[in-house]
Every structure is written in structure tokens, then in C-alpha cells.
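What follows is each chain in one-letter form.
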Amino acid sequence: MTLTAFPPPPPGTDYDDLRQEVRAFLAKELADFPPEKRAESWNGFSRDFSRKLAQRGWVGMTFPKEYGGHARSALERYVVSEELLAAGAPVISHWIADRQSGPLILAKGTDDQKRRIVPRIAAGELCFCIGMSEPDSGSDLAATRTVATEVEGGFRINGTKVWTTYAHVADYMILFCRTGKSDDRHGGMSQFLVDLKATDNIQISPIIDLGGEHHFNQVVFDNTFLPSDALLGEKGEGWSQVMSELAFERSGPERFLSSFALIEELIRLLREDATEAQQAEIGRLSAHLMVLRQMSRSVAGMLNEGKNPSLQAAIVKDLGALFEQDIPRLARSLVTRPAVPGGRDSYAAVLAYTELAVPSFSLRGGTREILRGIIARGLGLR
Amino acid sequence: MESMIHDMAERLLRDHVTHRLRAAAASGQRPEALWTRIEEAGLAMALVPEAAGGFGVPPAEALGLVRIAGAHGLPLPLAETLIANAMLARADLPLPGGRLTIAEGEALRLERRGATIHARGHLTLVPFARWADRIVTIAVLGGDDHVLSLPVKELTVDPAQDLAGMPRDDAEVDLALTEADVAPLARPIGGMRGLGALVRSLATAGAMETILEMSVQYANDRVQFGRPIGKFQAIQHNLATMAGETAASRTAAEMAAGSYDTPAFALTVAAAKIRAGEAAEKVGALAHQIHGAIGYTQEHSLHHFTKRIWSWRDEFGTELDWTRKLGRFALSNPHDTFWHFITDSTAQGARA
Ligand SMILES: Cc1cc2nc3c(=O)[nH]c(=O)nc-3n(C[C@H](O)[C@H](O)[C@H](O)COP(=O)(O)OP(=O)(O)OC[C@H]3O[C@@H](n4cnc5c(N)ncnc54)[C@H](O)[C@@H]3O)c2cc1C
């Protein structure tokens, strides 16, 4: 039963020197970064931080050198990713581009697209957003209505995207939309590279999330013109392109470390004198974390070998979301301090922030129900 | 991982470990002929280093046999014999062949009486003791770990069994040990509890893979309301949950097997045993839910596997023993942060 086998990462892939370098860098850069900010995890935005990270060679690590990358392995990138997440560094400005848009452009883009864009991603200069979801198309991505109509010199886009994280600051969107009719539900879809700063007739408006923050947006395309060289990959191949992107999107350490700031706060409080019952809970939490890391590193190893571990990625994301969503409950069962949004006490503030963040963990990037459907299909059901 | 020894074990056990054999063993019948085949195939020696008469299989691969034995519900002490032989070899004691088993030796008192060493104490719930020739254990003498090889026929054995009907016997030890029965362990390995927990975690992962496979098969075959129950989303999601738990347990157990005889082992084996125990709870419950009433009988094979994984939770340290232990480590670790503890705990060159 291969679905339950996660081969160990190859020997010699601890990259301890790299890890220590990243730790030293973060200790310096984030010396005054408070726990409440760290709690934002990979939702924290700082162009400045992303640029500095890129200067160290830690953005676009796996990209080829000819496109400004560093030709390093997915397992080295994994080390940097998890250190950033564990420290709660503000990484979203480059995160999506580094994780999935860059690899997608490298795999499917034209030479010109690769040359124009990938080096700037590797320099930490470009922020990308993902234009998949729509008002009537969430889990059912094939129900996409946004349409691109071929016109002289390019395409006209009409439609509305929602929940587009950081569209209001991003430089590019990778837009998923319809380009033709097809009997196959998954046919007739394409992807486009949309230059958000240089394209007219795109209206981006904020949607305030549960925690009162402006992370995601509604993006309206109103007869928006895109030149033909905005098409990414083959026309009509959008569905399979999006599906291969999802293995990158779903398997990383951000799928189980989103509540890590709260874990650190909790441990800090329990360190002095923990009861046996508290020790036992921390023991269980540690076991989960050790194992999720190993699974995620295993997937990085598979990606490195050019395999498509999308089923394994779905398993890691499902288990990872359960873990990170359970942390507020666990904290509240071990410590009697109430949550206070923005409170002076860092534990109280981080707990409040995390409590309001966790409902999204099993929605974004594919809901729990959708992931379980994918796993069930992988088991040979349906 | 391609492995000749795994393929061989898989074929041997597939052909011989039947529902009938498991049922007979659960009612007290020792599967004699099968043990002979297992020994002839050399499986029991797989964890012994080449220099001591083994055949140079990497430890993680040798330990993979335990997962395969778990997947077949093998009612014989293969896992125990693997570990026992490895410990005898490690202490330069003779390898007697035959069925061996292992026990935690903390309750034994060793005492030097002239030239001989005397062992006395009570061993509890020793796996397969009454079917074994020797019990191999680790106990302390003068501050040093010693490996003991205790001939079962010279002990008083009081039979009992686990939930699956497998022998778990108490043994009264009061014995003068010969030179061939005891020797110090030059390189300690942390006692029998960790090794036992390792093999139970691996076997649990294997058994859960079988439980998952049986459950998928049953869901595709059983028709209600005019279609296979596997078409119902509630059933699909339960199976997906079982797959996740099984995958996590197998990963955890293999992580521990991969750090066998390294400093990381003390922590990875804790994670493996904890994860296996938690998964056993969920996977067992969901498998029985999916199988309906037929799964709640002795006619169906499911019970041989679910009872085993439930029993193994409590052996070689209960889940509570291991969660407390790992938690104590995590909270008192000398590292700067909890995160450093987590990365170091699984590092190949672990400092834990
Ligand atoms: C914080 C956050 C950030 C996001 N960022 C982005 C982004 O940057 N870009 C982007 O494109 N999207 C983004 N999303 C959107 C995300 O991808 C969708 O929320 C997700 O795909 C689910 O779609 P939906 O919200 O429309 O829910 P729906 O699909 O309507 O689902 C509602 C409920 O029904 C369940 N359901 C749906 N179909 C089935 C089925 N077949 N079987 C069983 N249950 C089912 C779902 O699991 C869910 O519980 C973001 C979402 C969040 C919360």
C-alpha cells in the first residue's frame, strides 16, 4: 500500500550548517520582532525582509542558476522554510512565488517569461497571488466562470476572483480561467500571468477577515486586456497545470507550523514546573510534530526526485491542519490565562490571534473534506 | 524500498499465515512448522551484524521484517527473536537458535556469588514466554547494563495472554547464570523497553496497513441501499482518516528504526510508540465501524489485527509512560528553544 509509505529523506540531508546560518540571520533580523507578530506566521508581509532573505540566497533556492536561482535541493529549501516558519518570520511577500508560481513558470513558461520574471522572484522583489477561487467556485474549481476571450493581440478577461490573498499588494496574479468550451468538465481552462501593476481595468477591493485584518480581496476583471504573451503554458491545459501546482502548495511545513508561535508561548509558561499531566500533553504534541516534520521532509525528498507526491501531500495537509488547529484547545486545557486580542501579555495576545486564525487552516489550500476525497480516491474508492 | 529479504518474508507469510492458523494460535496451539520455515529462511538473524554471523542487512531493513510480520498477524515471536539475537550478539554471547523472546529486566536483581552471577526477580507479561526457549533481557549489575539469556525451562512460568490471545506470561527467576548466560554490554542501548517499543510500533504500522486494506476491500464489496458502502462519503472520509493515521504511524516507526543504535533513538522511539498508540485507537474504531456486525465476530479476520494493535499500545511502556517521558525531555531540554529540541531530536547526527 504505497499511499501509507513515506520514504525517509535521503541520508546526509540535515544541512545543519545551512540551518545554523539561517538561525543566526533570523536572530539578528528578528531580534525585536514580538510574539504577536510572529503569531501571524506566513501571513506576515515585509518586502524588506524578503529582499534581505534573497540577498542571502534563500529565495528561489531550487531555481536554476541561469534564472537567478541557486540550484539547491528541495530538502535544502525545506530547511530554510521551516526555520522561517518556526521563527514566525514575515514571509508572505515572496512565499507564494517561491513555493508554487516560480516553479510553475519554470515548468510551463516561455523562455521570455522565465527570463523576465523568475530572476526577480529569486531576488525577493516580486509578490504573487493566486487567482483560483470565485464566488461560485470554491472547492469545485472546475466551476470557474471567469472567462478569457481571444481578441486581436491577446485576450479580454471578464469575471470575479475572491479570497485572493495579498492581491492588494501583489505584483502578479496567476489567473485560472476558462478559455474555451469543452465536453470534459476539466477541459477548456488556462492560466495567465497577470501583471497587476501594469494592467488596466482590474478592481481590487478588500475583504476583512475574521480577525479584523485585510489579507484577502475581491478582484474584478472588467473587460481587462491581457497581451497574448500573458498566457502561461498551453491554452486548454490549465487544469492539469493547476493540479501539479497543488503538490507544491500542500505539502510544505506551513501546513503544520501555522500555530507555532502559540506552542513556543505555551512551552515557555510550562517550562518552570509542569505537572505530569502537562508533561504528557507536551510529549504527545512533540511526537506529532516530529512525525509531521518527517512526513513533510519525505514529500520534499519525493519532489526533489521529480515524483508527483500529490496524494502524500494531501495526507500531510490533512494531518497538519488537525494538529495546528488543535493547539489553542491544548493551550487552554493546560494554562488558565484568558485570550486577550492585542493584550500586553504575549501568551494572551498570541492565543487570541491564533484562536481566530485556526478556522482558516482547513479551508485554504483545499478543504479537509476535499483532501479526504482525494485520499479516498487514492485508496481505490469511488 | 526494494528488499530481497522483505520479498521473501512477504511470500512466506502470505502463504502460511492464514486465518485458521491465527485462530488456532489464539486458542493456544503453537505453529510449529511455520517457525521452522522462518528460521530456515534466516529471518530471525537479520538484525545480527555480519561479524557475528548475520548477513549484513542494514538495521532499518532488518527491522522492516517486523512491520511485515505485523501486517500478517504472525502469531510467533519473530520480532522478539530478532531483537534477542541482536542483543546476544552485541554482548558476545552465543546465539542458541530457536525461539527467543525479550523482557524488560528492571525488576531483576543481579548479584555476584563467587564466580557466578545470580539473577532473581519476577518478569511480567513476557511475550510468548511459554513458547520460547530463552528470555533475553537487560539488567544492571554494578552500574553496567548486562545482557541475560535465561533458559525458560529453568524458570517458573505462569501463563496469561493479551487481548489477541497471544501468550504474555509471568516468569519467576531465581537462577545461577553460566558464562554463556550473561555478559556486560560494552555499548549500552538504553534497555529493553525502547527496543520493545520499537518493534511494537513497527508491527502496529504493518497491522494497520492490513486493517486499512481489509476495510477498503469491504467498503467496495458490501452493498447497501443499492450501492457499495464505499460510495458513501462518510465511509470514504473515515477510510481517508485511517490512511492518514496509518501513514503517520509507519513514518514514525520507520524514523525510529532508521535511528536504531544512534543517540536520536531515545526520542524517535518515544514518538513512534506514542503515534502508534494514538493511531491504534482511531484506526481500530473506524475499521470496526466500517465492517459492521460481521467485523465484531471471531469468524472475520479483522479482530486478530485490531486486538493486536490494542494490546501493543500497552506493551513496553504504555502511551502515558511514553508521553510523560518525551514531555519531560521537551520541557527540560538543554536547547534554547522548543524548536531546536524538535529539529535536534530527529537529526541524523542527533545531540539529544
Ligand atoms: C485565509 C484564506 C486564504 C485564501 N486565499 C486564497 C487565495 O489566495 N487564492 C484563492 O484562489 N483562494 C483562496 N482561498 C480560498 C480557498 O481556496 C477556498 O476557501 C476553498 O477552496 C473552499 O472554497 P469555499 O470557501 O468556496 O467553500 P465551499 O467550496 O463552498 O465549501 C464549503 C463547505 O462545503 C464543503 N464541500 C464542498 N464540496 C464538497 C464535497 N464535494 N464534498 C464534501 N464537502 C464539500 C467544504 O469542504 C466546506 O466545508 C483562501 C481561503 C482562506 C480561508
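Note that the coordinates shown come from a computational prediction; the quantities given were computed from them, not determined experimentally.

With respect to the overall build of chain A
Then, in step 1: Per the secondary structure count, chain A includes twelve helices and eight strands.
Then, in step 2: For chain A, whose C-alpha radius of gyration is 21 Å, the value lies close to the compact-globule estimate of 21 Å for 382 residues.
Then, in step 3: Judged by the C-alpha coordinates and their principal axes, chain A covers about 70 × 50 × 45 Å.
Then, in step 4: For chain A, the proportion of contacts with a sequence separation of at least 24, taken over those separated by at least 6, is 74%.

Describing the site of the ligand
Then, in step 1: Near the ligand you find 15 residues, and of these Ile130(A), Ser139(A), Trp163(A), Thr367(A) and Glu369(A) are the closest.
Then, in step 2: Flanking the ligand are residues from chains A and B.
Then, in step 3: The backbone of Trp163(A) places a nitrogen or oxygen atom 2.8 Å from a nitrogen atom of the ligand.
Then, in step 4: Each of two domains, domain 2 (130-236) and domain 3 (242-378) of chain A, supplies a minimum of three residues to the shell around the ligand.

Some details on the pairing of strand S2 (residues 109-113) of chain B
Residues and elements named next belong to chain B.
Then, in step 1: Of the pairings in the sheet, the one linking S2 to strand S3 (residues 116-127) comprises five bridges and is antiparallel in character. By the bridge assignment for S3, Arg 109 is matched with Arg 120.
Then, in step 2: With antiparallel pairing between neighbouring strands as the criterion, S2 and S3 make up a hairpin whose turn holds two residues, including Gly 114 at a positive phi of roughly 65°.

Notes on empty space enclosed by the protein
Empty space left among the atoms is revealed by rolling a probe the size of a water molecule over them.
Then, in step 1: Inspection of every chain in the model, using the stated rule, returns three cavities of 30 Å³ or more.
Then, in step 2: Volume-wise, the largest cavity comes out at about 160 Å³.
Then, in step 3: Lining the largest cavity are 17 residues, and of these Leu74(B), Leu76(B), Glu80(B), Arg200(B) and Trp312(B) sit closest to its centre.
Then, in step 4: Listed by contribution, the elements that provide at least two residues to the lining of the largest cavity are helix H4 (59-72), helix H5 (78-90), helix H6 (191-221) and helix H9 (302-314) of chain B.
Then, in step 5: Grouping the amino acids of the lining of the largest cavity by side-chain chemistry returns eleven nonpolar, two polar and four charged.
Then, in step 6: Here the lining of the largest cavity spans two domains, and each of domain 1 (2-184) and domain 2 (192-343) of chain B adds at least three residues to it.
Then, in step 7: Empty space within the second largest cavity amounts to approximately 50 Å³.
Then, in step 8: Contributing to the lining of the second largest cavity are Leu53(A), Trp58(A), Val59(A), Gly60(A), Met61(A), Arg77(A), Val80(A), Ser81(A), Leu84(A), His94(A), Trp95(A) and Asp98(A).

Structural notes on the interface of chain A and chain B
The parts lose accessible area when they come together, and the size of an interface is often stated as this lost area.
Then, in step 1: In this assembly, 53 residues from chain A lie in contact with 55 residues from chain B.
Then, in step 2: Buried area between chain A and chain B, both sides added, is near 4,500 Å², and the carbon and sulfur share of it is 63%.
Then, in step 3: When the buried area of chain A at its contact with chain B is split by residue, Thr4(A), Arg271(A) and Met290(A) rank highest and sum to 15% of it.
Then, in step 4: Summed over the shared surface of chain A and chain B, the result is three salt bridges.
Then, in step 5: Ionic pairing is found between Arg284(A) and Glu319(B), a salt bridge with its closest N-O pair at 3.0 Å.
Then, in step 6: Our count for the contact surface shared by chain A and chain B stands at twelve residue pairs in polar contact (both at pLDDT 80 or more).
Then, in step 7: Those elements that provide at least two residues to the side of chain A that touches chain B are helix H1 (16-29), helix H4 (74-87), helix H8 (260-270), helix H9 (276-304), helix H10 (310-334) and helix H12 (368-378) of chain A.
Then, in step 8: By residue number, the principal contributor to the side of chain A that touches chain B is H9(A), which donates 16 residues.
Then, in step 9: Classifying every residue of the side of chain A that touches chain B gives 28 nonpolar, eleven polar and 14 charged.

So, H4(B)
Residue and element names in this part refer to chain B.
Then, in step 1: Taking 1.5 Å of rise per residue, the 14 residues of H4 would be expected to cover 20 Å, and the 21 Å separating its terminal C-alpha atoms lies within 8% of that figure.
Then, in step 2: Taken across its 14 residues, H4 has twelve buried, putting it largely inside the fold.
Then, in step 3: Where the residues of H4 are buried, they touch helix H1 (4-16), helix H2 (19-26), H5, H6, helix H7 (233-258) and H9.
Then, in step 4: Once H4 finishes, Gly 73 follows within two positions and takes phi at roughly 60°, a positive value.

Here's the deal with the packing of H2(B) against H9(B)
Residue and element names in this part refer to chain B.
Then, in step 1: The geometry of H2 relative to H9 is characterised by a closest axis approach of 10 Å and an angle of 50° between their N-to-C directions. Overall, the two elements H2 and H9 adopt an arrangement that is oblique. Where H2 crosses over H9, the handedness of that crossing is left-handed. When H2 is examined against H9, the residues His 19, Arg 22, Ala 23 and Ala 26 are found in contact with a partner set consisting of His 304, Phe 305 and Arg 308.
Then, in step 2: For the contact of H2 with H9, the class distribution of residues is three nonpolar, two polar and two charged.

Some thoughts on the domain arrangement of chain A
Residue and element names in this part refer to chain A.
Then, in step 1: Its domain assignment divides chain A into domain 1 (2-127), domain 2 (130-236) and domain 3 (242-378).
Then, in step 2: Facing 20 residues of domain 1, the contacting portion of domain 2 comprises 18 residues.
Then, in step 3: Our enumeration of links across domain 1 and domain 2 arrives at one salt bridge.
Then, in step 4: Close ionic contact of Arg 47 with Asp 171 constitutes a salt bridge, the shortest N to O distance being 3.2 Å.
Then, in step 5: Where domain 1 packs against domain 2, one counts seven residue pairs in polar contact (both at pLDDT 80 or more).
Then, in step 6: Looking at the side of domain 1 that touches domain 2, the elements with two or more residues in it are helix H5 (92-108) and helix H6 (111-122).
Then, in step 7: Looking at which element gives the most residues to the side of domain 1 that touches domain 2, the answer is H5, with eight residues.
Then, in step 8: Residues that form the side of domain 1 that touches domain 2 fall into these classes: eight nonpolar, five polar and seven charged.

As for the sheet that holds strand S5 (residues 144-151) of chain B
Residues and elements named next belong to chain B.
Then, in step 1: The mixed open sheet is built from four strands, whose spatial order is S1-S4-S5-S8. At either end of the open sheet lies a strand with only one pairing partner, and these are strand S1 (100-104) and strand S8 (182-184). Strand-to-strand, the axes of this sheet are offset by a mean angle of 25°, without reference to chain direction.
Then, in step 2: In the sheet, S5 pairs with S8 via three bridges, with the strands oriented antiparallel. Along S8, the bridge assignment pairs Val 147 with Ala 183.
Then, in step 3: Across the sheet, H5 lies against S1, strand S4 (134-141) and S5, angled at about 80° from S1, the strand it touches most.
Then, in step 4: Sheet strands touched by H6: S1, S4 and S5. Its angle to S1, the strand with the most contacts, is close to 120°.

Describing the sheet that holds S2(B)
Residue and element names in this part refer to chain B.
Then, in step 1: An order of S2-S3-S7-S6 is seen for the four strands of this open sheet, with the pairing classed as antiparallel. The sheet is open, and its two edges are formed by S2 and strand S6 (156-158), each paired on a single side. On average, each strand axis in the sheet is tilted by 10° relative to the strand beside it, whichever way the strands run.

Regarding the packing of aromatic side chains
Then, in step 1: Evaluation of the coordinates by the stated rule reveals 13 aromatic pairs over all chains.
Then, in step 2: Centre to centre, the rings of Phe25(A) and Phe49(A) are 6.0 Å apart; their planes meet at 50°, and the pair counts as tilted. Of this pair, Phe25(A) sits in helix H1 while Phe49(A) sits in helix H3 (residues 47-55); the two residues are 24 residues apart in sequence, bridging distant segments of the chain. The two residues Phe25(A) and Phe49(A) agree in class, both being buried.
Then, in step 3: Ring centres of Phe128(B) and Trp131(B) lie 5.8 Å apart, and the angle between their planes is 40°; this geometry places the pair in the tilted category. In terms of burial, Phe128(B) and Trp131(B) fall into one category: buried.
Then, in step 4: Within the aromatic cluster, the residues linked to one another by ring pairs are Phe260(A), Phe338(B), Trp339(B) and Phe341(B).
Then, in step 5: Directly above the aromatic system of Phe128(B) lies the positively charged group of Arg168(B), at a separation of 5.2 Å from the ring centroid.

Reading guide: rules and limits
- Residues numbered from 1 in each chain as written.
- Chains lettered and ligands numbered in written order.
- Predicted model: local features only at pLDDT ≥ 70, side-chain atom pairs only at ≥ 80, totals over all residues.
- Heavy atoms only, no water.
- Helix = DSSP H or I, 4+ residues; strand = E, 2+ residues; numbered from the N terminus.
- Rg over C-alpha atoms; globule rule 2.2 N^0.38 Å.
- Contact = heavy atoms within 4.5 Å.
- Near = heavy atom within 4 Å.
- Polar contact = N/O pair within 3.5 Å; in protein donor to acceptor, adjacent residues only side chain to side chain.
- Domains from an automatic or database assignment.
- Pairing = 2+ DSSP bridges.
- 1 Å grid on protein atoms, 1.4 Å probe; cavity = no way out; pocket = protein on both sides within 12 Å on 5 of 7 lines; lining within 4 Å.
- Points joined across faces, edges and corners; volume = space filled by probe spheres on them.
- Nonpolar A, V, L, I, M, F, W, Y, C, P; charged D, E, K, R; others polar.
- Buried area = accessible area lost by both parts, 1.4 Å probe.
- Salt bridge = Lys/Arg side-chain N within 4 Å of Asp/Glu carboxyl O.
- Expected span 1.5 Å × (residues − 1).
- Buried < 20%, exposed > 50% of the residue type's maximum accessible area, 1.4 Å probe, protein only.
- Axes fitted to C-alpha atoms, helices over the stretch in contact; angles between N-to-C directions.
- Parallel < 35°, antiparallel > 145°, perpendicular 65-115°, else oblique.
- Left-handed = near helix turned anticlockwise from the far one by under 90°.
- Phe/Tyr/Trp six-rings, centres within 6.5 Å; stacked < 30°, edge-to-face > 60°.
- Lys NZ or Arg CZ within 6 Å of the ring centre and 35° of its normal.

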